[in-house]
Amino acid sequence: MIINRLINITKHWKKTDIYQTLKYNLRTGNFKKMNFIVYPYSSVFIASNAVLKIDDGTFTINNNWSNIKAKKYNSELILHSNSDLRIENSFSLYQGASIYLAPNAKMLIKGQGFANTNTQINCFNYIEIGKGTCISDDVRIQDSDNHFIIENGIKKTNTAPIIIGDHVWIGKNSIILKGVSIGNGVIVAAGSVVVKDVPAKCLVAGNPAKVIKENVEWE
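Fair warning: this is a prediction, and the values are worked out from it, not measured in the lab. (Residues numbered from 1 in each chain as written. Predicted model: local features only at pLDDT ≥ 70, side-chain atom pairs only at ≥ 80, totals over all residues. Heavy atoms only, no water.)

Another aspect to go through is helix H3 (residues 18-27). Turning to H3, its buried residues are Gln-20, Thr-21, Tyr-24 and Asn-25. When H3 is viewed along its axis, its buried side chains cluster within an angular range of 120° and face the same direction. Turned more than 90 degrees from where H3 packs its buried face, Tyr-19 and Leu-26 sit exposed. Of the residues one or two after H3, Gly-29 is the one with positive phi, at around 80°. (Buried < 20%, exposed > 50% of the residue type's maximum accessible area, 1.4 Å probe, protein only. Helix = DSSP H or I, 4+ residues; strand = E, 2+ residues; numbered from the N terminus. Arc of directions from axis to C-beta.)

This is the structure in structure tokens:
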């Protein structure tokens, strides 16, 4: 019944953009579950042949942490032609956080985590974010340089996949660049620039980020 389909919206009715929520759940085939929740000040573009699949839980965009009237931030979800965003469990983009998928790009988010205020995730090839991974404010994750470096007449690859493991904490103002794999349980300290692979259960910090501690955990 339509009432049951609207349960996820009515839980948050004071801050939900009803029109966009209905429109994009219908367009993406999520209408039965009604598990894509769009809050006000969200800009959503989903190409007709793009995929947004939410296996379980709820995907929210421009969420906020309180029930009081929130500051005005703008979040974006942009899925270009033939792009594919799959979310396996609940995941939230908080105020001003955005996801961009270029044509033919793919992203897998395993859920039970979030991207906090003003974080941007830009995918041109493939990005994977593990289960329980939490991304702090003003983080940038991008799998492309958006330009080419030509060395001795040879054009170098400007795009490479990013794999972020389970239960990773990415601190405020950090940057994750192309071709990086981050192991399970890693802590990326605030302001870090990650340009190389990070082993599991390490604390990394700095520009470029280096391992500061090993065998660490966080909760």
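Alright, that's what it looks like, and here's the rest.
On to the pairing of strand S6 (residues 84-87), then. Within a regular beta strand, the side chains point alternately toward one face of the sheet and then the other, so they alternate between its two faces. As paired elements, strand S3 (residues 51-54) and S6 share four bridges and run parallel to each other. Its bridge partner being in S6, Lys-53 is matched across the sheet by Arg-86. In this structure, S6 lies alongside strand S9 (residues 106-109), joined through four bridges in parallel fashion. Directly across from Leu-85, in S9, lies its bridge partner Met-107. (Pairing = 2+ DSSP bridges.)

Burial of the side chains of strand S2 (residues 42-46) is restricted to one face: Ser-42, Val-44 and Ile-46 are buried, whereas none of Ser-43 and Phe-45 on the reverse face is. One ladder, built from five bridges, connects S2 with strand S5 (residues 75-79); its direction is parallel. Counterpart to Ser-42 in the pairing with S5 is Ser-75.

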